[in-house]
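An overview of the molecular structure
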Amino acid sequence: MSDLEELFRRHADPVRGYARRHVGPDSADDVVSETFLIAWRRRADLPTEPLPWLLVVARNVISNQRRTGRRADELWRTAVREQWRMPQGVAPDEAVTERDAHLSALDDCTRAEREALILIAWDGLTPAQAAAVAGCSVRAFTVRLSRARARMERALRRAGADAPPGVAHRPILVPTKELS
Amino acid sequence: MSITHDPIDTLAAHRPLTADWSPDDREATVERLLAAAAAPTASRMPVARPSRRDAAPRPVRRRFVLAGVAAAAAGTLVIGLPLASDWTAPKASAVEQLVASAQRSHALVIPQGWYLHMVVHARQHMPSADDPMDGVPWVEESWTGADGRVWRHDTQGTHMDNYAFPALTGGPIDYTPKGVAKLPTSPSDLMAYLRARVQGSNSTDEAIFVAVGDMTRMGYVPPAVRAALISVAGALPEVTATRSGGRTTLAFVDESTRPGSQSLVFDSGSAALVGEAGTSPGADNVATIEILGLVDHVPADVLTEAAAQAKRDAAIKG
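Let us look at the environment of B:Ala306. All names here are of chain B. Position of Ala306 relative to the elements: it lies in helix 9 (residues 300–317). Considering only alpha carbons, one finds Ala306 and His153, 153 residues apart in sequence, at a separation of 8.7 Å. Discounting residues that sit within four places of it in the chain, Ala306 has contacts with Trp151, Asn162, Tyr163 and Ala164.

For residues with low pLDDT, the predicted coordinates do not support detailed interpretation. Residues and elements named next belong to chain B. Across chain B, the average pLDDT comes to 77, with 76% of residues at 70 or higher. Mean pLDDT across the elements of chain B ranges from a minimum in helix 3 (residues 63–73), with 29, to a maximum in helix 8 (residues 223–235), with 95. Between residues 41–89, whose pLDDT stays under 50, and residues either more than four places distant or in other chains, the model counts 72 contacts. Across the interface, the model reports ipTM at 0.78; the global pTM reads 0.51.

Moving on: the confidence of the model for chain A. Residues and elements named next belong to chain A. Summarising the model, chain A shows a mean pLDDT of 79, and 85% of its residues fall at 70 or more. Ranking the elements of chain A by mean pLDDT puts helix 3 (residues 69–83) last, at 81, and helix 5 (residues 111–121) first, at 90. pLDDT under 50 marks residues 161–180. Its contacts with residues more than four places away, or in other chains, come to 60 contacts.

With that settled, the discussion passes to the sheet that holds strand 5 (residues 239–244) of chain B. Residue and element names in this part refer to chain B. Spatial strand order, 4-3-2-1-9-8-7-6-5: 9 strands in an open sheet with antiparallel pairing. The open sheet has two edge strands with one neighbour each: strand 4 (159–165) and strand 5. Averaged over all adjacent pairs, the angle separating strand axes in this sheet is 15°, with direction ignored. Note: strand 8 (residues 273–279) against strand 9 (residues 284–295), 5 bridges, orientation antiparallel. Bridging across to strand 9, Glu276 finds its partner in Ala287.

What counts and what doesn't
Residues numbered from 1 in each chain as written. Chains lettered and ligands numbered in written order. Predicted model: local features only at pLDDT ≥ 70, side-chain atom pairs only at ≥ 80, totals over all residues. Helix = DSSP H or I, 4+ residues; strand = E, 2+ residues; numbered from the N terminus. Contact = placed C-beta atoms within 7 Å. pLDDT = per-residue confidence, 0-100. Pairing = 2+ DSSP bridges. Axes fitted to C-alpha atoms, helices over the stretch in contact; angles between N-to-C directions.

So this is what it looks like as structure tokens:
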């Protein structure tokens, strides 16, 4: 297997997941291909942990594809709804209700805040990595993330989608991989 | 009391295990990619399906690096500022004075066992947000150790968070005290150094400006490096410099890549970064930055809470 193919097989899924949220399924494969071709051309620049770097490249590739704000929101929402992993051992109607409550709560966030949440929760990036992908400073990103969580919590309370009693509230998972 | 799940925990619990990508489409994509990479004209061959337009990123701006390098080679730089047609006299004067202040400033060295204690007061306003927390100020109090480790205590209203960040040595730029002390002190060398390493913004120039803010914000950058960083920021064509009320503001504006502006506000006398501001269609934010001094310990409750948070996060992440 070539180095390029190995790079693709290790990281194509999250890159495609990212692309899927921004350009929809029709163009996502093109974004993935273009991203990895750019990575191949610039392989001397590839960092040891290439995923955040690849996502930045994907973001730049996507940035050239103009979309209206409404269209972008629709693409993002559809992608999250379709990729949402349903839990095992939960009645389907409950699982759908929980998913839709969270989608509605995400609607209360700004586009940048939603993306911040997903970069951390789904793509598994550290705040520093996610800030690079989002194109902002780490401090700005952590603020964005805190606000997103606060907004979601309020929306979920309004929707009556609170967690079962006994689950303690705890601070945001901001540092995750960076914590010592 | 209302008790809720953290939404991030819930989102993480529903993270897709695999992309919703059919094996056929995935294989077709990798085949197209490998064919494009192997083609003799790979540098120009669109890898996407023929019906799609090639979406390569914009070319990186290089003219100022070249201008700086050429000028340096010719020995024409007085304080290392690349010369360019849009380098206006007022801007040059404001930046040169700030650079001179930085060169005169005292080095802030964090001794072993001591911590640089800083506080940031910030506020963000989102005109379109229907959010009771909109405009509520938050405070970030931090303690940076000699090795670059950072503990932080954030408060907004009644909400508090505690973090422990390891030294930022793993990326393309070493942000630790030891790392920034090794940065080039020649503006043209530093510009080239940053240009080769920064990433993650809408343009390379913007990323350089952000990196200058990230470094000067930390408070412990040596005077010569601080001076070079200010020169680098001032040399960016998208940056304007203004002086008012004992402050020098460097503002980055590039409407072609991002609406709005980002500003770094320096004390004109000490060249310390004392504030930041940003404007965009969706939000405006301002922050003040204050170095409180060197202290010999991090508060016990911050250490305890940050450690407890780390354990909880590790357990959740598995």
